[in-house]
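# Secondary and tertiary structure notes
The residues making up each chain are set out below.
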Amino acid sequence: VWRAVGRVLDDFPGMGAVIENHVSRANTAQLGKTAEKVGDKRIGIELSPEHAYVMQENVLDLIARYTPHIHQICWADRKVVQHDLGRFDKRYYHVRYESCWNGDGIVPTKAILDALAKGGFDDYVSLKYEKSTTYGAHLPPSEEALAHFPGFISAFGHFNRGAAKAPPPARATLTESR
């Protein structure tokens, strides 16, 4: 896939592409290894820390190793659903997660942003806010999430660098279906 994406990008100078780690698709380690192997700097990882946690990856170790290949962060948080927690079906223990307000879940924002900054990450952090009648129906309206996100993410200090260096871009992408 990465090489095919690279061939398409050959026709569009200056354009890049990202591939996101996603549950039941590629995990962060797989994407990092592929990025290292292919070595096409136009193609990188869109890291979704919440997906990495749901897939039980060690996000901080992966960031330390693959930061040069991370081109964008897709930010959301998750919390463990307490109902039926740890149900055992004679083969697996089941843990379920649901969307939550940024900062209320298991994604360690400060530790992740610190690790990214240490590795030299200086690119996009986008808000992922999935609210529909199926997913995240309990969450506030997307307008509130959009208004909350810049203050939330900036509170960790990595986007307030002053005039010496322009801050990395932060943008919000909302997905809301009705």
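Note that the structure is predicted; figures quoted are calculated from it, not measured.

### Re the packing of aromatic side chains
- As enumerated under the stated definition, the model contains two aromatic pairs in all.
- Here the aromatic rings of phenylalanine 152 and phenylalanine 156 are separated by 5.5 Å at their centres, their planes lie at 80°, and the arrangement is edge-to-face.
- Classification of phenylalanine 156 by relative accessible area gives partly exposed; the value is 27%.

### Section: the environment of tyrosine 53
- Summarising the element assignment, tyrosine 53 is placed in helix α3 (residues 49-54).
- Judged by relative accessible area, which is 21%, tyrosine 53 ranks as partly exposed.
- The sequence separation of tyrosine 53 and arginine 78 amounts to 25 residues, and the corresponding C-alpha distance is 8.7 Å.
- The residues touching tyrosine 53, leaving out its near neighbours within four places in the chain, are Val59, Tyr97, Ile106, Val107, Pro108 and Ile112.

### What to know about the nonpolar core
- Counting residues in hydrophobic clusters, the biggest one holds 31 residues, and the most contacted among them are Ile63, Ile70, Ile73, Trp75 and Leu116.
- Looking at this core, the elements with two or more residues in it are α1 (2-9), α2 (28-38), β2 (43-47), α4 (59-66), β3 (70-75), α5 (109-118), β8 (124-131) and α6 (142-154).
- Sequence-distant contacts of leucine 116, that is, excluding residues within four places in its chain, are made with Ile63, Thr67, Ile70, Ile73 and Phe121.

### A short note on the pairing of β8
- For β8, the tally of buried residues reaches six of eight residues, placing the bulk of the element in the interior.
- Bridge count for β3 against β8 is four bridges, and the pairing is parallel. Directly across from tryptophan 75, in β8, lies its bridge partner leucine 127.

### Points about the pairing of strand β1 (residues 17-20)
- As defined by bridge partners, β1 adjoins β2 across four bridges and the pair is classed as parallel. In the strand pairing of β2, valine 18 is matched with glycine 44.
- In terms of handedness, the path from β1 via α2 over to β2 forms a crossover that is right-handed.

### A word on α2
- Within α2, the full set of buried residues consists of Thr28, Ala29, Leu31, Gly32 and Ala35. End-on view of α2: buried residues confined to an arc of 165°, all on one side of the axis. α2 presents Lys33 and Lys37 as exposed residues on the side facing more than 90 degrees away from its buried surface.
- In this fold, the buried residues of α2 make contact with α1, β1, β2, α3 and α4.
- Near the N-terminus of α2, the side chain that reaches the backbone nitrogen of alanine 29, with its oxygen 3.1 Å away, is that of asparagine 27.
- Note on α2: the residue one or two positions beyond its end, glycine 39, has a positive phi of about 70°.

Basis of the calculations
Residues numbered from 1 in each chain as written. Predicted model: local features only at pLDDT ≥ 70, side-chain atom pairs only at ≥ 80, totals over all residues. Heavy atoms only, no water. Phe/Tyr/Trp six-rings, centres within 6.5 Å; stacked < 30°, edge-to-face > 60°. Buried < 20%, exposed > 50% of the residue type's maximum accessible area, 1.4 Å probe, protein only. Helix = DSSP H or I, 4+ residues; strand = E, 2+ residues; numbered from the N terminus. Contact = heavy atoms within 4.5 Å. Core = buried A, V, L, I, M, F, W, Y, C linked by side-chain atoms within 4.5 Å. Pairing = 2+ DSSP bridges. Right-handed = clockwise from strand over helix to strand, strands pointing away. Arc of directions from axis to C-beta. Polar contact = N/O pair within 3.5 Å; in protein donor to acceptor, adjacent residues only side chain to side chain.

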